[in-house]
Amino acid sequence: MPIQQVGTVDELIAALLSHSDDRADFIVKHIFPILRQLPQPFFLQNAADNRDPLELLDPCLYTVPYVYFLTARCNVERPDVANLLTHILEFLRSFDPIHIRLVPEKFLQVAQGLCRIANLYGNNIISIKPLTHALQKYSPSPNHLTNLHQFFIKECLLTKCYRQALQILDNDITEIETSGTGISYIDHLLYHYYGAMVYIGLKNYTRALNFLVLVISAPAVVTSQVQAEAYKKFSLVSLLLHGKIIPLPKYTATAVFRSIKNQCQAYQDYASAFESLNVKRLRNEFNKCSETFRKDGNFGLVKQTLDAIYRRKIQQLTQTYLTLSLVDIADAIGLEGREAPKVAERYILQMIESREIFATISHSDQAGMVSFHDDPDMYNTSNTISKLEEQIAKATQVSDRVIQTDRLIGCSREYLVKSKNIASGGVMPGGSHMDDQEFFAGGGGFDNFDADDGGSVIDSTTQSATIICSILPMDAQFFTAAGASAPAAPAVSPAPSASASVANTPTATSSPIPVQTTLILEYILVLP
């Protein structure tokens, strides 16, 4: 049948079924261009015999036309929930991953339709397992970022299915391709922001900190509200892990440094109080800024720092004393009341169990005595050697990936154009001005950033490698300038958020040539 005659559902289905042998080439070259031009109401129609096209087409053999009919039914105001749910689950099990990458936005709509139906049933959790398998099948590799990643992680947050999210989150993103995945700059920010929130919920603060750094240090012309929200959590997680706010990478955009200094003053003051190890001062700052913390959705995380300051003070005591009574420890860390020694003992037992300190408690004396010890592990076992070899192999892979990516970017049109602009006196968008010393002193320009950062993520036992993943379009509509005005443009929907509010962002007029940037992902290879 000539493709020009496809004007009804029956003709479309007949054309598809008549090309069963060469359907892949036929759909891509002939059917797909037609599907994009057909109006939405076309795909809500049934065949002449009133049969649903979803029952006539095999989702594996005819993935692209099937998803057009499926998304049309997902977007109606009152869908046939039971029937639609059956078709969605069948599609997610059997779709062709190569064909679906022709229409990544349609695939996202299917996922959204599934979550909408699950919500109508009052059980959002039923969408998590099908989405997990679909995402793993849809992604070109476990290390690719797609437009479905951030949506899936957000759903895991909303349903509190944190561990299910780990099947995706534990794979580091090293591959970013805009074609076939439908991703944008905001997908990168939200995926790592939501991922950090999942790790915080699981108390994996090291991994959460790495994800937050990826958000904050993402190249930017002006600061995204997502980056500002990420910095607030970054400062609190840094306090839990290191007792202070660790320095941000020096490749973090100057605009981001300026914005977080203006927008996150309450967190800076709170961090200064925590670093002083003065419990009364910390509680005063907590009471002073509690409303801000609650509004930002960080109240629970802040309360954990109130508990962590006692742990931090106990760790400080191990550097000074070999033996100390529970009464003296309780007094030294600022605990009050008759139960203070018991509370101090509970903290010590928890810290011994988590290997934060090495100590023994003796109750031969009525007051109870605590003896502090050095780490008994000499790190000379076969297990240590195995872990060391694993880290060396991982570092080698990172090095090879950097070399490969450097060659690809060096040959890309975008890189050559930007290099030419810089050579003629231009400035890279989102780049840092090296003459702005305020924002480079001490790893970021803040008073509470210590240049001698012994507890930094990158220390003497750490090797760091940065991978320039790809050239990614960075639309100005996903940014908001802190204190700066942007050209008027149509309003855009606010970025979704599971707990912290991500507000509407001012937009900028799009340029014929989108602003391009490189995503730099930092991989921390920590020696066990």
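Quick caveat, the model's predicted, so the values are computed rather than measured.

Further remarks concern the pairing of strand S3 (residues 369-373). Residues in a regular strand point their side chains to alternate faces of the sheet. Residues of S3 alternate between two faces, with Val370 and Phe372 buried on one and Met369, Ser371 and His373 left unburied on the opposite face. Inspection of the sheet shows strand S1 (residues 323-325) paired to S3 by three bridges, in the antiparallel sense. Note on S3: the bridge partner recorded for Ser325 is Met369. Direction of pairing for strand S2 (residues 358-362) relative to S3: antiparallel, over a ladder of five bridges. Paired with Ser362 across the two strands is Met369, which belongs to S3. Two successive antiparallel strands, S2 and S3, enclose a turn made up of six residues, where Gly368 displays a positive phi of approximately 85°.

What follows deals with the nonpolar core. Core analysis: the largest hydrophobic core is formed by 134 residues, its most contacted members being Phe91, Phe234 and Ile329. Considering each element in turn, this core owes the most residues, twelve residues, to helix H11 (residues 185-201). Setting aside anything within four residues of it in sequence, one finds Ile329 in contact with Ile314, Leu317, Leu324, Ala344, Ile348, Val370 and Phe372.

Once that is clear, we can look at the packing of helix H13 (residues 225-242) against helix H17 (residues 299-318). Taken N-terminus to C-terminus, the directions of H13 and H17 make an angle of 25°; their axes are 9 Å apart at the nearest point. Relative to H17, the element H13 lies roughly parallel. You can see that H13 and H17 cross each other, and the crossing is left-handed. Touching Lys233, Leu236, Val237, Leu239, Leu240, Leu241 and His242 of H13 are Leu301, Val302, Gln304, Thr305, Ala308 and Arg312, all from H17. Taken together, the residues that form the contact of H13 with H17 break down as eight nonpolar, three polar and two charged.

Thresholds, definitions, all that
- Residue positions are counted from 1 within each chain, in the order its sequence is given.
- Confidence filtering applies because this is a predicted model: local features only for residues at pLDDT of at least 70, side-chain atom pairs given and counted only at 80 or more, and all residues used for totals across whole chains, interfaces and linings.
- The side-chain values count all of the structure's non-hydrogen atoms but skip hydrogen atoms and water molecules.
- Only protein chains enter the accessibility calculation, which uses a 1.4 Å probe; a residue is then buried when its area is under 20% of its type maximum, exposed when over 50%, and partly exposed in between.
- Where helices and strands are cited, they refer to DSSP runs of H or I of at least four residues and of E of at least two residues respectively, numbered from the N terminus.
- Two strands are said to pair when DSSP picks up at least two bridges between them.
- Buried Ala, Val, Leu, Ile, Met, Phe, Trp, Tyr and Cys residues that are joined via side-chain atoms within 4.5 Å together make up what is termed a nonpolar core.
- Note on definitions: a residue-residue contact is assigned when non-hydrogen atoms from the two residues lie within 4.5 Å.
- Axis definition: a line fitted to C-alpha atoms, over the contacting stretch in the case of helices. Angles run 0 to 180 degrees between N-to-C directions.
- Every angle not falling under 35 degrees, over 145, or within 65 to 115 is termed oblique; those three ranges are roughly parallel, roughly antiparallel and roughly perpendicular.
- Crossings are classed by handedness, with left-handed meaning an anticlockwise turn of the near helix from the far one by less than a right angle and right-handed meaning a clockwise turn.
- Polar here means any residue outside two lists: the nonpolar Ala, Val, Leu, Ile, Met, Phe, Trp, Tyr, Cys and Pro, and the charged Asp, Glu, Lys and Arg; Gly therefore counts as polar.

Remember that the coordinates give geometry; whether it matters functionally is a separate question.
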